[in-house]
Amino acid sequence: MLRRVKGADLVGMRYQRLFDYIPCSEDEAGKICVVLPAEFVSTEDGTGIVHIAPAYGADDLEAGQAHGLPVMHGVGLDGMFRPEVTPVAGMFFKEADPVLIRELKGRGLMYRSEKVLHNYPFGWRTGDPLIYYAKEAWYIRTTERRERLVELNNTINWVPDYIREGRFGNWLENNVDWALSRERFWGTPLPVWTDGEGNYQCVGSLAELEALCGRELKELDLHRPAVDEITFEHPETGRTFRRVPEVIDCWFDSGAMSYAQWHWPFENHDTFEKHFPADYICEAIDQTRGWFYTLHAIATLVSDSVAYRNVICLSHIVDKDGRKMSKSQGNIINPYDVFDSTGADPLRWYFLARVPADGQKRISVDIISDVAAGFLNTFWNTYAFFVTYANLDEVDLNAQVPLEKRPEIDRWVLALLSETVRRATEALDAFDSKTAGELIESFVDQLSNWYVRRNRRRFWKSEMGQDKLAAYLTLYECLVTVNRLMAPFMPFITEAVHRNLVTAAMKDAPLSVHMESWPEPNPAYENPQLLAETAVVQKVVSLGRSARSESGHRVRQPLGRMLVRVPDNAAAESVNGHLGQILEELNVKALEFIARDAELVTYRIKPNLPRIGKRYGKLIPAIREALVQADGTSIATSVNQGQPITIQAGGQDITLEPEDLLVETASAQGYSSAEEGGFLVALDTTLTPQLEREGLARELVRSVQEARKQAGLNISDRIRLYLGGSQGVQETLGEYREFIASETLTSHWDETAPLTGNGGEAGPDSAGPYSVEHSLGEESWSITLSRQD
RNA sequence: GGGCCUGUAGCUCAGUUGGUUAGAGCGCACCCCUGAUAAGGGUGAGGUCGAACGUUCAACUCGUUCCAGGCCCA
């Protein structure tokens, strides 16, 4: 080592040419073998000095062009060294390294040789190492319209929107001229003819070419090789023009789709005007440099217009571990396996409604099956419920029941339906199918688990009154409408439902759900207040279930009373207005509100941070602490009365308005209770003899129903029943005989047990009575029943 | 190497301008219901929000760096 220098000090220095097999002019010789600065060379590996070859790499070429370096070729287009490079003549370029290293060592020019791991391009099909080779090519000078490309892009609605400014916007701002030509056999021939002397003629149409060559070409296949046979002589110079050998980048064909699909500008002008620009295009993220770009570039250049107004940009499907799927990895999911096992509809629903469009989609058969087992199954069962009973009742679905004549729960579900239609349509208008899907799933859940579950008895009733008809019409409208909402997501199942529910039942109905118009919200149905009230009811019921679960009392056992605390007066009114529903859901006799200052409630006071956070800044921790220490009950009382409070924090008095505070209740002691979001529900679990008898009555009904099922009876069969047992059972029977009889379709009571009971032997075809014994706690009873024809 | 995106419960995903105890479905455990029954429902457990540092009274949220995965370039 002679001395250390900075790289910058080397810039401009000349060095001796290592190999001089390729001749160069005197002018060129004066420019080569000089140290140049460049940004693309890193000091991470090696010396920080690299030898560049402008003929073999874009960075090298760019640096070379910036400093006037010549493009000199030592390697031929076949990838082999040229004959003049004698030590490696005819050798594949990638195999020449050892020979060249040996050569340099032999001449004493090699300081050190070592291996460095780095990325290198390989052909994706054959795996052969590639070489970047500077060549002449045809370009479209897109850079001349770069600003217009950016401007027009800013008018496109991108979903997700960050692609417009980000990935796609960056790509346009860094636009380089479009390398148009390809040296292949297949492809659209580049329509340029040349005389080989630097004169070129671009031919714009078949007619133009016919005129030039004086031949009829309509029957000719205008691809290679036939098109290359077409030559013409220049009218003035008399030179023969032949087509250049290149074809056009096939991506140009893709981008020309807007025009080529209508054979514009040669015909179909009206059709083209009608369809251009496109409303919508959907492709994956990799197409920002592909189809999204080629369409945009050509439309900008040809029409000074966007090619599409809206674009949804998806991400790719990956495997369950988030890895790219590839055949060699074996982590591929065959879509046909999903079609065969789970179905195409759940697959579609998963992609449209369960994962965000711009997120990578992890997919496995189990994940798709979840759609079928969950949401779709709920929908199908609700549909099946309707079909089962509607067929039994032969309902006239063309009948009418005015909205105001329908019970509140019907108006509730129709309000929810209308809101769902409105919000799902808004989401889809914004190209957000996931939100639309979530709204639909939520509606189907409410329809099944609240509307149908709470209304089952209306469908069982034997007489077809207005109430029963209203139930049918309401459920029918919900199913038919939500089915239409679901149709674009799940075209097959919705079609089956539609044909059965609509095409078969309604005259003049469209044959297919896909021929229906899109549902519209019905302003007459909208009822935000009823929706809010029902949400409160569901909240209280949910907390009540939690409390009952904690209490250990089964739902069949009625309880005397429940205690409810609500956060505000509106919630109290909602509860009061729907007492029957709440009591029935929870099987409780009475509901009482807990007074706000009742002893069984303790309060926790917290600052309402979004309101006071910015106002008090660093005092917040002190305020928080002061509120913990303060008397919660008195603060709660002040808040309830709308009075401000004053506390000491950080050495000063701080006055807080009721809205600045959050009052939370702690659990009530001595009750089975649950609380959340200002609601508290407690159950009084004291059982009176009356409540116990009623619970037992329900237990008896249940055991008879079970016996009916075991005996193989149909749900509509009338029975002859003997029921007898212990003291409590007899007392209960005295009080609840009519109730039990009507619930179990008993048309004849046997006062004594028949002698012909045959235990569990009875089946659907058995004529004999069916007997069974039951016990619960201290009580026991026996049942014998038979079909009463 | 550069640009863009993603990372929240076992799994798939929500989580508004930073704000109070981070939610849902599935799965799991336990239970209920039995006239939607080869169904239906409830309750519960489960998370140091990829990691570290920083800004702030306060960070899943903002900033920087790093890690992992994806796409496009080089």
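Shown above is the structure to which this text applies.
Residues numbered from 1 in each chain as written. Chains lettered and ligands numbered in written order. Predicted model: local features only at pLDDT ≥ 70, side-chain atom pairs only at ≥ 80, totals over all residues. Heavy atoms only, no water.

Quick look at the sheet that holds strand β6 (residues 192–194)
Strand order in the open sheet formed by 4 strands is β7-β6-β9-β8, and the pairing between neighbours is antiparallel. This sheet does not close on itself; its edge strands, each paired only once, are β7 (200–202) and β8 (232–233). (Pairing = 2+ DSSP bridges. Helix = DSSP H or I, 4+ residues; strand = E, 2+ residues; numbered from the N terminus.)

Some thoughts on the packing of aromatic side chains
Scanning all chains against the criterion turns up 30 aromatic pairs. Arranged with centres 5.1 Å apart and planes meeting at 40 degrees, the rings of tyrosine 259 and tryptophan 264 form a pair that is tilted. Chaining the aromatic ring pairs together yields one cluster made of Phe385, Phe386, Tyr389, Phe459, Tyr472 and Tyr476. Sitting above the plane of the tryptophan 450 ring, arginine 454 keeps its charged end 5.7 Å from the centroid. Just above the ring of tryptophan 749 sits the side chain of arginine 737; from NZ or CZ to the centre is 4.7 Å. (Phe/Tyr/Trp six-rings, centres within 6.5 Å; stacked < 30°, edge-to-face > 60°. Lys NZ or Arg CZ within 6 Å of the ring centre and 35° of its normal.)

Here we look at the pattern of salt bridges
Scanning the model with the defined rule gives 42 salt bridges in all. Two residues, arginine 107 and glutamate 103, come together in a salt bridge whose shortest N-O distance is 3.4 Å. Across the pair glutamate 584 and arginine 454 runs a salt bridge whose closest N-O atoms are separated by 3.7 Å. Here arginine 454 lies in helix α17 (residues 433–460) and glutamate 584 lies in helix α22 (residues 579–586), a separation of 130 residues in the sequence. Overall, glutamate 584 belongs to the exposed group, its relative accessible area being 54%. Taken together, the shared-partner salt bridges in this structure form one network comprising Arg453, Arg454, Arg545, Glu584 and Glu585. (Salt bridge = Lys/Arg side-chain N within 4 Å of Asp/Glu carboxyl O. Buried < 20%, exposed > 50% of the residue type's maximum accessible area, 1.4 Å probe, protein only.)

Concerning the sheet that holds strand β10 (residues 247–248)
Strand pairs in the sheet, formed through backbone hydrogen bonds, run parallel or antiparallel to each other. Taking strand neighbours across the sheet as the criterion, the 3 strands line up as β4-β10-β5 in an open arrangement whose pairing is antiparallel. The open sheet terminates on both sides in strands that have one partner only, identified here as β4 (181–182) and β5 (188–189). The pairing of β4 with β10 spans 2 bridges and is antiparallel. Within β10, the residue paired with serine 181 across the bridge is isoleucine 248.

Points about the environment of lysine 135
One can find lysine 135 in the loop between α4 (97–106) and β1 (139–140). Along the primary structure lysine 135 and alanine 55 are separated by 80 residues, whereas in three dimensions their C-alpha atoms are 8.1 Å apart. Apart from residues lying up to four places away in sequence, lysine 135 is in contact with Leu77 and Glu183. Side chain to side chain, lysine 135 and glutamate 183 meet in a polar contact 2.4 Å long. (Contact = heavy atoms within 4.5 Å. Polar contact = N/O pair within 3.5 Å; in protein donor to acceptor, adjacent residues only side chain to side chain.)

Geometric values such as these leave the question of function open.
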